[in-house]
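Structure at a glance
The chain contents come next:
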Amino acid sequence: MKASVLYKWLTYSAIAISILLCLFMLQAGLKGNFRSVDAFQAYIRGFGLFAPFVFVFIQAFQVVVPVLPGFIGCVAGALLFGSVCGFVYNYVGICAGSIIAFFLAKHFGIPLVQAMFPSKKYNVWTERIKRARSYDVLFALSILLPLAPDDYLCYFSGLINMSVKKFVLIIVALRTKRKIFSYKIQKPLLKRNLKKDA
């Protein structure tokens, strides 16, 4: 009984947060705040002391609604808050977004996932998952490795019988390693931006 109440509370919270994030991001997007790393930095700086919280919300949103280039947040986070704090804020936001996506898929089911992603992508990954010996291994590798459709699989995980505990464990454990790898790849871009700011 308690588990059922907790699940409903988490699902409704995920829905409410997603609606607020959509409205917030729509307004920011219409103003051109996501055109480039520089524009994004200027936008986040405008929130002053609340900048880290806004940044985390935006990083969560880009997982829930995957329309923003992920590298913009990664680079801007390091430039705005430093390598360590930027990494932490990126990590928290992306983990939160992944968990929200999971609960949204669990609540709304296949129609939501099909509406958010191209039908070709949905069918291709449905077939791959059917052929996979272990979805848990496939999902874990997708979270760990770059270029894999990890945001999509966060939603897809909500459609199958993966437990909340297992999903959260994989996300929290492996997102860290992926973000570290992303930072290493994007280090040259960070250096160029730092030289330009100087």
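To start, this report covers the structure provided alongside it. (Residues numbered from 1 in each chain as written. Predicted model: local features only at pLDDT ≥ 70, side-chain atom pairs only at ≥ 80, totals over all residues. Heavy atoms only, no water.)

Considerations on the overall build of the protein
Basically, it comes down to this: Working definition: helices are DSSP H or I runs of at least four residues, strands are E runs of at least two. Numbering for both runs from the N terminus. Accessibility here uses a 1.4 Å probe with only protein chains present; expressed as a share of the type maximum, an area under 20% marks a residue as buried, one over 50% as exposed, and anything in between as partly exposed. Two residues form a contact once any of their heavy atoms are found within 4.5 Å. Computed with a 1.4 Å probe, the accessible areas rest on the Shrake-Rupley method; for each residue, only the protein chains presented here act as cover.
Along the protein, the regular secondary structure elements total 11 helices and zero strands. Shown N-terminal to C-terminal, the secondary structure of the protein runs as helices and strands in the order α-α-α-α-α-α-α-α-α-α-α. Taken across its 198 residues, the protein has 45% of its residues classed as buried. Pairs at least 24 residues apart make up 75% of the contacts formed inside the protein by residues separated by at least 6 positions. Of the roughly 11100 Å² of accessible surface on the protein, a fraction of 68% belongs to carbon and sulfur atoms.

Looking at the packing of aromatic side chains
The test is simple: Planes of paired rings set the category: under 30 degrees apart is stacked, over 60 is edge-to-face and the rest tilted, where pairs are Phe, Tyr or Trp rings (Trp by its six-membered ring) whose centres lie within 6.5 Å.
In total, this model carries 12 aromatic pairs according to the counting rule given. For the ring pair Phe55 and Phe81, a centre distance of 5.5 Å and an interplane angle of 65° mean the geometry is edge-to-face. Within this pair, whereas Phe55 is found in helix α3 (residues 51–64), its partner Phe81 is found in helix α4 (residues 70–81), the two being separated by 26 residues in sequence. We note that Phe55, like Phe81, is buried. Geometrically, the ring pair formed by Phe102 and Phe103 is edge-to-face, given 5.7 Å between the ring centres and 80° between the ring planes. Judged by relative accessible area, which is 0%, Phe102 ranks as buried. Here Phe103 falls in the buried class, since its relative accessible area comes to 4%.

With respect to the pattern of salt bridges
Which entries qualify depends on this criterion: Basic side-chain nitrogens of Lys or Arg form a salt bridge, by our definition, when they fall within 4 Å of a carboxyl oxygen of Asp or Glu.
In total, this model carries one salt bridge according to the counting rule given. A salt bridge links Lys166 to Asp136, with the shortest nitrogen-to-oxygen separation between them at 2.7 Å. Here Lys166, found in helix α10 (residues 164–185), pairs with Asp136, found in helix α8 (residues 135–144); they are 30 residues apart in sequence, far enough to count as distant.

Some details on the packing of helix α2 (residues 37–45) against α3
Let me state the cut-off plainly: Orientation is described by axes fitted as lines to C-alpha atoms, over the contacting stretch for helices, and by angles from 0 to 180 degrees between their N-to-C directions. An angle below 35 degrees is read as roughly parallel, one above 145 as roughly antiparallel, one from 65 to 115 as roughly perpendicular, and any other as oblique. Side-chain classes follow a simple rule in which Ala, Val, Leu, Ile, Met, Phe, Trp, Tyr, Cys and Pro form the nonpolar group, Asp, Glu, Lys and Arg form the charged group, and the remainder, Gly included, forms the polar group.
Where α2 contacts α3, the two axes come as close as 9 Å, and the packing angle between them is 130°. For the element pair α2 / α3, the angle class is oblique. Counting all contacts with α2, which are made through Phe40, Tyr43 and Ile44, the residues of α3 involved are Ala51, Val54, Phe55 and Ile58. Residues belonging to the contact of α2 with α3 are distributed by class as follows: seven nonpolar, no polar and no charged.

Points about a nonpolar patch on the surface
What counts, and what does not: Think of a patch as exposed residues, more than 30% relative accessible area, with no salt bridge, where like charges cluster within 9 Å and nonpolar side chains (Val, Leu, Ile, Met, Phe, Trp, Tyr) cluster within 5 Å.
A surface patch of nonpolar side chains, about 600 Å² in accessible area, is lined by Ile17, Leu49, Phe50, Phe53 and Phe57. Note on placement: Phe53 falls in helix α3.

Quick word on the nonpolar core
Definition in use: To define a nonpolar core, start from buried Ala, Val, Leu, Ile, Met, Phe, Trp, Tyr and Cys residues and group those joined through side-chain atoms within 4.5 Å.
If you look at the biggest cluster of nonpolar residues, it comprises 31 residues, and the most contacted ones within it are Tyr135, Phe139, Tyr152, Leu153 and Tyr155. Every element with two or more residues in this core is listed here: α1 (2–30), α5 (83–108), α7 (119–131), α8, α9 (150–157) and α10. When residues of this core are assigned to their parent elements, the largest contribution, eight residues, is made by α5. In this structure Tyr152 touches Val113, Phe117, Lys121, Tyr122 and Trp125, once residues within four positions along its chain are discounted. Counting residues in hydrophobic clusters, the runner-up holds 18 residues, among them Met25, Phe34, Phe40 and Leu79.

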